[in-house]
Amino acid sequence: MSDLAIQARDLSRVFGTFTAVDHITFDVHAGEVFGFLGANGAGKTTAIRMLTGLLAPSGGQATVAGFDVLRHPDEVRRRIGYMSQRFSLYDDLTVGENVTLFGGIYGLTDAEIRDRGHSMLSELALERARDQRVAALPVGWKQKLAFAVALLHRPALIFLDEPTSGVDPITRRQFWEMIYATAAAGTTVFVTTH
Ligand code: ATP
């Protein structure tokens, strides 16, 4: 089996007459932290949506975790985590309820949700915040929780879309430490930033 986590070839997306992603070609190796850089509006989110099987490419091809994103989006989605810019957690639910909800969406059993949720919250030192609404958490904690939740089902790859925008430098440092620890544990990390 190849050690390529992502293979993008001439991947493109147009919206009407506007080209949002213009023939991008790259490889990401398994276990790598791959930084995807671009100014606001450069097309990073559009590229992620194609790589996660949420948006069909207009041209070119991509495989993620060995599956073609256009032909096998379900197989791709089963193997990835995605922390989007905005919609990662439900603000109106508590920390614990978010863990239960996303664990269920990712297909974990009740026992897995309980065990993994427990160790995740204690690693993040968020046990005491279990019954707090996510809206009440500082933005840095929200980001860390969203990241950990996107890893609950132990995906082969995780996509992080501008995970540190709006957080202070210390939290940003901690977040990057989480990213490196995740890669060291074998999960490929695709991270966008400007
Ligand atoms: P940001 O960090 O600001 O989100 P980005 O690099 O992620 O920037 P995209 O969100 O991918 O950029 O958007 C790239 C361009 O494509 C933008 O000009 C945007 O307006 C346009 N675009 C994105 N989605 C659509 C859509 N569904 N219909 C029309 N235009 C779109």
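Before any of the text, the structure's been laid out above.
My aim in this report is to walk through the structure given alongside it, one point at a time. (Residues numbered from 1 in each chain as written. Predicted model: local features only at pLDDT ≥ 70, side-chain atom pairs only at ≥ 80, totals over all residues. Heavy atoms only, no water.)

### Describing the pairing of strand 2 (residues 18-29)
So, step 1. Pairing of strand 1 (residues 4-15) with strand 2, which is carried by eight bridges, proceeds in the antiparallel orientation. Bridge pairing in strand 2 places Leu-4 opposite His-29. (Pairing = 2+ DSSP bridges. Helix = DSSP H or I, 4+ residues; strand = E, 2+ residues; numbered from the N terminus.)

### So, the site of the ligand
So, step 1. What surrounds the ligand is a group of 13 residues, the closest being Gly-41, Gly-43, Lys-44, Thr-45 and Thr-46.
So, step 2. Separating an oxygen atom of the ligand from a side-chain N or O atom of Thr-46 is a distance of 2.6 Å.
So, step 3. Between an oxygen atom of the ligand and a side-chain N or O atom of Gln-85, the distance comes to 3.5 Å.
So, step 4. In isolation the ligand offers 640 Å² of accessible surface; the protein chains occlude 61% of this area.
So, step 5. Where the shell around the ligand is concerned, the elements lending two or more residues are strand 2 and helix 1 (44-51).
So, step 6. Looking at the shell around the ligand residue by residue, the classes come out as five nonpolar, six polar and two charged. (Near = heavy atom within 4 Å. Polar contact = N/O pair within 3.5 Å; in protein donor to acceptor, adjacent residues only side chain to side chain. Areas by Shrake-Rupley, 256 points an atom, 1.4 Å probe, with all protein chains shown as cover. Nonpolar A, V, L, I, M, F, W, Y, C, P; charged D, E, K, R; others polar.)

### Looking at the pattern of salt bridges
So, step 1. The tally for this structure, following the rule as stated, stands at eleven salt bridges.
So, step 2. Measuring nitrogen to oxygen at the nearest pair gives 3.8 Å for the salt bridge that ties Arg-71 to Asp-68.
So, step 3. Classification of Arg-71 by relative accessible area gives exposed; the value is 63%.
So, step 4. Several salt bridges share partner residues, and in doing so they unite Glu-75, Arg-78 and Arg-79 into one network. (Salt bridge = Lys/Arg side-chain N within 4 Å of Asp/Glu carboxyl O. Buried < 20%, exposed > 50% of the residue type's maximum accessible area, 1.4 Å probe, protein only.)

### Some points on the sheet that holds strand 7 (residues 157-161)
So, step 1. Read across the sheet, four strands follow the order 3-8-7-6 without closing on themselves; strand pairing throughout is parallel. Across the chains shown, the open sheet's two edge strands, defined by having one partner strand only, are strand 3 (33-37) and strand 6 (80-83). Each neighbouring strand pair of the sheet contributes to a mean axis angle of 15°, computed without reference to strand direction.
So, step 2. Looking at chain direction, strand 7 and strand 8 (residues 188-193) are connected through five bridges and run parallel. Considered in strand 8, the bridge of Ile-158 is made with Val-189.
So, step 3. Lying on the sheet, helix 5 (residues 139-150) is in contact with strand 6 and strand 7; it crosses strand 6 at an angle near 160°. (Axes fitted to C-alpha atoms, helices over the stretch in contact; angles between N-to-C directions. Contact = heavy atoms within 4.5 Å.)

### Examining the sheet that holds strand 2
So, step 1. In spatial order, the strands read 2-1-4-5; together these four strands make up an open sheet with antiparallel pairing. Each of the sheet's edge strands pairs with one partner strand only, and the pair in question is strand 2 and strand 5 (67-68).
So, step 2. Its contacts with the sheet put helix 1 on strand 1, strand 2 and strand 4 (59-64), and the angle it makes with strand 1 is roughly 120°.

### Digging into the packing of aromatic side chains
So, step 1. Tallying each qualifying case throughout the model produces ten aromatic pairs.
So, step 2. Ring geometry for Phe-159 and Phe-190: centres 5.2 Å apart, planes at 50°, overall tilted. Placement of the pair is Phe-159 in strand 7 and Phe-190 in strand 8, with a sequence separation of 31 residues.
So, step 3. Judged by its relative accessible area of 0%, Phe-159 is buried.
So, step 4. One aromatic cluster in this structure is built from Phe-26, Phe-34, Phe-36, Phe-159 and Phe-190. (Phe/Tyr/Trp six-rings, centres within 6.5 Å; stacked < 30°, edge-to-face > 60°.)

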